[in-house]
Amino acid sequence: MRPPPGQPLTTEAIRSCLSTRIIGAVLHVHDEVDSTNHLAADLALAGAPDGTVVVADAQTKGRGRLGRPWVSPAGMNLYTSILLTRAQNSRFMTWIPLMAAIAVVRAILHTTGALLRIKWPNDVLAYRDGRSRKLAGILAETAGSRPGTHRAVVVGIGINVNMPIEAFPDDLQPIATSLLIETGRHIDRIPLLARLLLEMEQLYESLLEQETDGLTTAYHELCDTLGRQVRIELVGGGHAEGTAEAIAEDGALRLRTNTGTILEIRAGDVVHLR
Ligand code: BT5
């Protein structure tokens, strides 16, 4: 396997590239962890401040939503978790993964020129040959919900950066991709990470100021789900089918079902039908 281009992920190298005030002011960088989300949740319980960031070069138990695994080999990708302690308003909870998806798309556009799209709520997709492939994923979880402990949201972001197609397991090769595969270039992970944290900080500040209009507009521009006929596998079982019409004020997906009922859906897996 080729050595990673750019600098290795060290605290010093990342810090020297950061232009944020809050996100990344406390930074934990590891060669290997089980899951950066797990570590960030432990830090939240220990009282870590708002904006604490965990970065790892590899994860042994990287996870997706609903207990699904996130393939996380060393030396090629970004795995990071950001602790947000001021986002306790339940209205923000649906917005946080959407906001992270906008930040990922913006950071990738700024760093590589590649324009990706979002599948609601938070899959970041690249389109090629009329097909979409997943390039990044987001997992937002609450931490410290027991009484007396600190309550926070952990936003985990995985971006496939320099992962060649042969490094993906066979079942993911047709449906996953990386920036290397899409652009044909190796990308230095550190400027990409620094930009991601900057985009996150700016969006987090607007969310805290209740300025969701800008977020809604940005999300509408980047989200590929709106206007489509979709099938949504609902968390907890069952499904809904219809046209994805809009994003509600709290980040929910507004679905007009085939019988004309309007549903607001806050979690689920979307399949684009047409
Ligand atoms: C996600 O879940 O997309 C959320 C992924 C979040 C990963 C980050 S990495 C840093 C932080 N620490 C963690 O432990 N997690 C977060 P979901 O929508 O459930 O998608 C999971 C599905 O994506 C899997 O079932 C596979 O089909 C596919 N998948 C797994 N690894 C992948 C990869 N590296 N690239 C593309 N697709 C992948």
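Residues numbered from 1 in each chain as written. Predicted model: local features only at pLDDT ≥ 70, side-chain atom pairs only at ≥ 80, totals over all residues. Heavy atoms only, no water.

1. Focus: the pattern of salt bridges
So, point 1. Applying the stated criterion to the full structure yields 18 salt bridges.
So, point 2. As a salt-bridge pair, Glu-205 and Arg-21 come within 2.6 Å of each other at their nearest N and O atoms. With Glu-205 in helix α5 (residues 189-208) and Arg-21 in the loop between α1 (11-17) and β1 (27-33), the pair connects residues that are 184 residues apart, well separated along the chain.
So, point 3. Overall, the relative accessible area of 59% leaves Arg-21 in the exposed class. (Salt bridge = Lys/Arg side-chain N within 4 Å of Asp/Glu carboxyl O. Helix = DSSP H or I, 4+ residues; strand = E, 2+ residues; numbered from the N terminus. Buried < 20%, exposed > 50% of the residue type's maximum accessible area, 1.4 Å probe, protein only.)

2. Some details on the sheet that holds strand β4 (residues 117-119)
So, point 1. Here we have 7 strands laid out as an open sheet, ordered β1-β2-β3-β7-β6-β5-β4, and mixed in their pairing. Two strands lie at the open edges of the sheet, namely β1 and β4, each paired on one side alone. Strand-to-strand twist in this sheet, taken as the mean axis angle between neighbours without regard to direction, amounts to 25 degrees.
So, point 2. As judged from the 7 bridges shared by strand β3 (residues 78-84) and strand β7 (residues 152-159), these two strands associate in the antiparallel manner. By the bridge assignment for β7, Tyr-79 is matched with Gly-158. (Pairing = 2+ DSSP bridges. Axes fitted to C-alpha atoms, helices over the stretch in contact; angles between N-to-C directions.)

3. So, the sheet that holds strand β12 (residues 268-272)
So, point 1. Ordered in space as β11-β10-β9-β8-β12, the 5 strands form an open sheet in which the pairing is antiparallel. Of all strands in the sheet, those bounded by a partner on one side alone are β11 (262-265) and β12. Neighbour-to-neighbour, the strand axes of the sheet open up by a mean angle of 45 degrees, direction not taken into account.
So, point 2. By the bridge criterion, 4 bridges tie strand β10 (residues 253-257) to β11 in an arrangement that is antiparallel. Each bridged residue has a counterpart across the sheet, and for Leu-255 the counterpart in β11 is Leu-263.

4. Here we look at the site of the ligand
So, point 1. Every one of the 26 residues lining the ligand counts as a neighbour, but Ser-35, Arg-63, Arg-68, Lys-134 and Asn-160 are closest to it.
So, point 2. A distance of 2.7 Å separates an oxygen atom of the ligand from a polar side-chain atom of Arg-68.
So, point 3. Going through the elements one at a time, α2 (36-45), β3, β6 (131-143) and β7 are the ones with two or more residues in the shell around the ligand.
So, point 4. Take the shell around the ligand: its biggest share by element is 4 residues, from β6.
So, point 5. Residue classes in the shell around the ligand are distributed as 9 nonpolar, 12 polar and 5 charged. (Near = heavy atom within 4 Å. Polar contact = N/O pair within 3.5 Å; in protein donor to acceptor, adjacent residues only side chain to side chain. Nonpolar A, V, L, I, M, F, W, Y, C, P; charged D, E, K, R; others polar.)

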